[in-house]
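Structure at a glance
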Amino acid sequence: MPQIIVLPHHEICPEGAAVEASSGDSVCEVLLANDIDIEHACEMSCACTTCHVIVREGFDSLNEADELEEDYLDKAWGLEPESRLSCQAIVGDEPLVVEIPKYTINHASEKH
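Only a predicted model underlies this, so the values are computations on that prediction, with no experimental measurement involved. (Residues numbered from 1 in each chain as written. Predicted model: local features only at pLDDT ≥ 70, side-chain atom pairs only at ≥ 80, totals over all residues. Heavy atoms only, no water.)

1. A word on the overall build of the protein chain
Scanning the protein chain from terminus to terminus reveals two helices and five strands. Along the chain direction, N to C, the helices and strands of the protein chain fall in the order β-β-α-β-α-β-β. For the protein chain, whose C-alpha radius of gyration is 13 Å, the value lies close to the compact-globule estimate of 13 Å for 112 residues. In terms of overall dimensions, the protein chain has C-alpha extents of about 45 × 35 × 25 Å along its principal axes. Counting the 112 residues in the protein chain, one finds 42% classified as buried. Summarising the internal contacts of the protein chain: among those between residues at least 6 apart in sequence, 66% fall at separations of at least 24. Carbon and sulfur atoms provide 47% of the accessible area of the protein chain, an area that totals close to 6300 Å². Between the averaged position of the 5 positive side-chain charges in the protein chain and that of its 24 negative side-chain charges there is a distance of 10 Å. (Helix = DSSP H or I, 4+ residues; strand = E, 2+ residues; numbered from the N terminus. Rg over C-alpha atoms; globule rule 2.2 N^0.38 Å. Buried < 20%, exposed > 50% of the residue type's maximum accessible area, 1.4 Å probe, protein only. Contact = heavy atoms within 4.5 Å. Areas by Shrake-Rupley, 256 points an atom, 1.4 Å probe, with all protein chains shown as cover. Lys, Arg positive; Asp, Glu negative; His and termini not counted. Charge placed at Lys NZ, Arg CZ, Asp CG, Glu CD.)

2. Side note on the packing of aromatic side chains
Applying the stated rule across the entire model yields one aromatic pair. Measuring from centroid to centroid gives 4.9 Å for tryptophan 77 and tyrosine 103, while their planes differ by 80°, and the two rings are edge-to-face. On the criterion of sequence distance, the pair formed by tryptophan 77 in the loop between helix H2 (67-73) and strand S4 (83-85) and tyrosine 103 in the segment after strand S5 (96-99) is long-range, its members being 26 residues apart. On the accessibility criterion, tryptophan 77 (40% relative accessible area) is partly exposed. (Phe/Tyr/Trp six-rings, centres within 6.5 Å; stacked < 30°, edge-to-face > 60°.)

3. What to know about the sheet that holds strand S2 (residues 17-20)
Paired through backbone hydrogen bonds, the strands of a sheet run either parallel or antiparallel to each other. Pairing is mixed in the open sheet, where five strands are placed in the order S2-S1-S5-S3-S4. Of all the strands in the sheet, just S2 and S4 have a single pairing partner and so form its edges. Neighbour-to-neighbour, the strand axes of this sheet turn through a mean angle of 35°, independent of strand direction. Inspection of the sheet shows strand S3 (residues 52-57) paired to S5 by three bridges, in the antiparallel sense. If you follow isoleucine 54 over to S5, its bridge partner there is glutamate 99. (Pairing = 2+ DSSP bridges. Axes fitted to C-alpha atoms, helices over the stretch in contact; angles between N-to-C directions.)

4. Focus on a negative patch on the surface
On the surface, Glu64, Asp66, Glu67, Glu70, Asp71 and Asp74 cluster together into a patch of negative charge. Within the secondary structure, glutamate 67 is located in helix H2. The exposure class of glutamate 67 is exposed, given its relative accessible area of 64%. (Patch = residues over 30% accessible without salt bridge, like charges linked within 9 Å, V, L, I, M, F, W, Y side chains within 5 Å. Salt bridge = Lys/Arg side-chain N within 4 Å of Asp/Glu carboxyl O.)

Listed below in C-alpha coordinates is the structure:
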(Lines give C-alpha, C1' and ligand atoms only; values in the text may rest on other atoms or scores of the structure.)
Protein backbone atom coordinates (compact mmCIF):
# COMPACT_ATOMS: atom_id res chain seq x y z
CA MET A 1 0.00 0.00 0.00
CA PRO A 2 1.39 3.39 -0.92
CA GLN A 3 1.67 6.02 1.77
CA ILE A 4 0.66 9.67 1.53
CA ILE A 5 2.70 12.07 3.62
CA VAL A 6 0.89 15.34 4.25
CA LEU A 7 3.17 18.25 5.03
CA PRO A 8 2.11 20.41 8.00
CA HIS A 9 -0.72 22.88 7.30
CA HIS A 10 -1.44 25.52 9.93
CA GLU A 11 -5.18 24.71 10.20
CA ILE A 12 -5.99 21.41 8.53
CA CYS A 13 -3.05 19.28 9.66
CA PRO A 14 -0.70 21.25 11.96
CA GLU A 15 1.58 18.29 12.74
CA GLY A 16 1.56 16.82 9.26
CA ALA A 17 0.56 13.19 8.79
CA ALA A 18 1.47 9.91 7.14
CA VAL A 19 -1.48 7.79 6.03
CA GLU A 20 -1.90 4.53 4.13
CA ALA A 21 -3.63 4.71 0.77
CA SER A 22 -5.00 2.17 -1.66
CA SER A 23 -4.11 2.36 -5.32
CA GLY A 24 -7.14 3.62 -7.23
CA ASP A 25 -8.43 5.94 -4.49
CA SER A 26 -8.35 9.69 -4.94
CA VAL A 27 -5.99 11.67 -2.74
CA CYS A 28 -9.00 13.59 -1.41
CA GLU A 29 -10.83 10.39 -0.39
CA VAL A 30 -7.75 9.10 1.42
CA LEU A 31 -7.23 12.36 3.32
CA LEU A 32 -10.87 12.61 4.36
CA ALA A 33 -10.94 8.96 5.47
CA ASN A 34 -7.99 9.74 7.75
CA ASP A 35 -9.59 12.78 9.42
CA ILE A 36 -7.64 15.32 7.37
CA ASP A 37 -10.48 17.69 6.57
CA ILE A 38 -9.37 19.11 3.25
CA GLU A 39 -11.96 21.37 1.69
CA HIS A 40 -14.01 19.85 -1.12
CA ALA A 41 -16.82 22.31 -1.77
CA CYS A 42 -18.09 20.57 -4.92
CA GLU A 43 -18.23 17.16 -3.19
CA MET A 44 -15.38 15.83 -5.36
CA SER A 45 -17.11 16.43 -8.71
CA CYS A 46 -14.27 18.45 -10.31
CA ALA A 47 -16.25 21.70 -10.22
CA CYS A 48 -14.07 23.92 -7.99
CA THR A 49 -10.50 24.31 -6.72
CA THR A 50 -10.92 23.93 -2.96
CA CYS A 51 -9.18 20.54 -2.78
CA HIS A 52 -6.07 21.77 -4.61
CA VAL A 53 -2.82 20.16 -3.44
CA ILE A 54 0.78 20.41 -4.55
CA VAL A 55 2.40 17.02 -5.04
CA ARG A 56 5.98 17.43 -3.80
CA GLU A 57 6.97 13.78 -4.42
CA GLY A 58 5.38 11.06 -6.53
CA PHE A 59 3.66 13.36 -9.05
CA ASP A 60 4.45 11.13 -12.02
CA SER A 61 2.80 8.11 -10.37
CA LEU A 62 -0.61 9.79 -10.47
CA ASN A 63 -3.08 9.52 -13.33
CA GLU A 64 -2.82 12.30 -15.89
CA ALA A 65 -5.00 15.38 -15.37
CA ASP A 66 -7.77 15.79 -17.93
CA GLU A 67 -8.74 19.04 -19.65
CA LEU A 68 -11.50 19.90 -17.15
CA GLU A 69 -9.15 19.52 -14.19
CA GLU A 70 -6.51 21.62 -15.99
CA ASP A 71 -9.10 24.36 -16.58
CA TYR A 72 -9.98 24.47 -12.87
CA LEU A 73 -6.35 24.32 -11.80
CA ASP A 74 -5.73 27.51 -13.78
CA LYS A 75 -8.02 29.24 -11.26
CA ALA A 76 -6.41 27.78 -8.12
CA TRP A 77 -4.55 29.93 -5.62
CA GLY A 78 -0.81 29.24 -5.54
CA LEU A 79 -0.76 27.09 -8.69
CA GLU A 80 2.51 25.22 -9.30
CA PRO A 81 3.57 22.76 -12.03
CA GLU A 82 2.90 19.84 -9.64
CA SER A 83 -0.56 21.06 -8.62
CA ARG A 84 -3.53 18.71 -8.76
CA LEU A 85 -7.12 18.70 -7.59
CA SER A 86 -6.97 16.02 -4.93
CA CYS A 87 -10.44 14.74 -5.91
CA GLN A 88 -9.08 13.90 -9.38
CA ALA A 89 -5.57 12.72 -8.44
CA ILE A 90 -5.73 8.92 -8.31
CA VAL A 91 -3.15 7.16 -6.15
CA GLY A 92 -0.85 4.80 -8.04
CA ASP A 93 1.76 2.45 -6.59
CA GLU A 94 4.28 4.99 -5.28
CA PRO A 95 4.29 6.99 -2.05
CA LEU A 96 3.26 10.64 -2.29
CA VAL A 97 4.21 13.78 -0.43
CA VAL A 98 1.53 16.45 -0.67
CA GLU A 99 1.25 20.01 0.50
CA ILE A 100 -2.12 21.64 1.11
CA PRO A 101 -1.83 25.29 0.04
CA LYS A 102 -2.25 27.96 2.69
CA TYR A 103 -5.31 29.43 0.97
CA THR A 104 -8.17 28.19 -1.17
CA ILE A 105 -10.63 30.02 -3.35
CA ASN A 106 -14.02 29.07 -1.94
CA HIS A 107 -16.63 31.57 -3.04
CA ALA A 108 -19.29 29.86 -0.91
CA SER A 109 -17.42 30.43 2.35
CA GLU A 110 -15.72 33.77 1.71
CA LYS A 111 -17.05 36.71 3.69
CA HIS A 112 -18.02 39.80 1.69
